[in-house]
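Observations on the model geometry
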Amino acid sequence: MFAKPPGLSLATRPSEPGAAVARLAASLSPSDRARLGNGELHLVHRLDVGTSGLVSVARDSEVHRELVRAFTERRVEKTYLALVWGRPKPGQGEWSQPLGPDRKDRRRMKVDPDGRPSRSRYAILESGHGVTLLELKALTGRTHQLRVHAAHAGHPIVGDDFYGGPRHHGVRDRALRKVLAPSHTLLHAWRLTVPWQGAARAFEAGLPPQFEAALAACGWRLTPAEAGPPVA
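Each chain carries its own residue numbering, running from 1 in the direction its sequence is written. For this predicted model, a pLDDT threshold of at least 70 governs which residues receive local features, and a threshold of 80 or more governs which side-chain atom pairs are given and counted, while totals over whole chains, interfaces and linings are taken from all residues. Here the side-chain values reflect all heavy atoms present in the structure, with hydrogen atoms and water set aside.

1. Quick look at the side chain of Ser56
Assignment of secondary structure puts Ser56 in the loop between β3 (52–55) and β4 (57–58). The contact criterion used throughout is that any non-hydrogen atoms of two residues lie within 4.5 Å. Setting aside anything within four residues of it in sequence, one finds Ser56 in contact with Met1, His42, Leu43, Val44, His45, Phe71 and Leu192. Numbering of helices and strands runs from the N terminus, with a helix taken as a DSSP run of H or I at least four residues long and a strand as a DSSP run of E at least two residues long.

2. Some details on the confidence of the model for the chain
Scored from 0 to 100, pLDDT reflects the predictor's confidence in each residue. Looking at the chain, the pLDDT average stands at 90 and 95% of residues meet or exceed 70. Looking across the chain, the model is least confident in helix α2 (residues 30–36), with a mean pLDDT of 79, and most confident in strand β6 (residues 92–95), with 98. The model gives residues 226–232 a pLDDT under 50, and that stretch makes 18 contacts with residues more than four places away or in other chains.

3. Topic: the environment of Gly100
Within the fold, Gly100 resides in strand β7 (residues 99–101). For each residue, the accessible area found with a 1.4 Å probe, counting protein chains only, is set against the maximum for its type, and the residue is called buried under 20%, exposed over 50%, and partly exposed in between. Here Gly100 falls in the buried class, since its relative accessible area comes to 3%. Each C-alpha atom of the pair Gly100 and Leu180 lies 29 Å from the other, and the pair is 80 residues apart in sequence. With sequence-adjacent residues up to four places away left out, Gly100 is seen in contact with Met109, Lys110, Asp112 and Gly115.

Below is the structure:
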């Protein structure tokens, strides 16, 4: 497992199958690059360009197939953190609107009664200053799922210009306005719990600087959980 910084694209062209892994490797610290080694690497799953956090990389095709199967069969628990505008009510629940492509703009997704079933679970961790820190679990894997569900609920993710609308939502404090206008979406793939060799292995990625700065400005701090060793 390795942490992808926000802004890094993991899109893969058929003509350049290894390009995404190469970009990820180039973004890592020297110690993490050393962990990757020099052999062939296989990207197991992807995140949106603006989303930071954990991605899985396998060193051989057998492990790659096993991990891809676990993701496909939804045996991997994916937990995200998001800073959203407003405060969802109730404090925890599930968004289950079906999603489909926006026919007016194929880059976007939207809630569509004829779309594919989609489920996102949320729980409030902190709230105040006009924003809320949510723990999100993606129970299905639709494109832009968490971003669209949050926006449809009236609580777009801070920094998400694609689905988010106005940038400041009435925040008056200048210092807070500054940190709540980040250069990327404050959505972070925080934890992955993966079935591995008969056990569940949990992994965690620390927040990127702009996300940390936003939480600090609100007076909040995450308590990290114990993370397991890398699977690769």
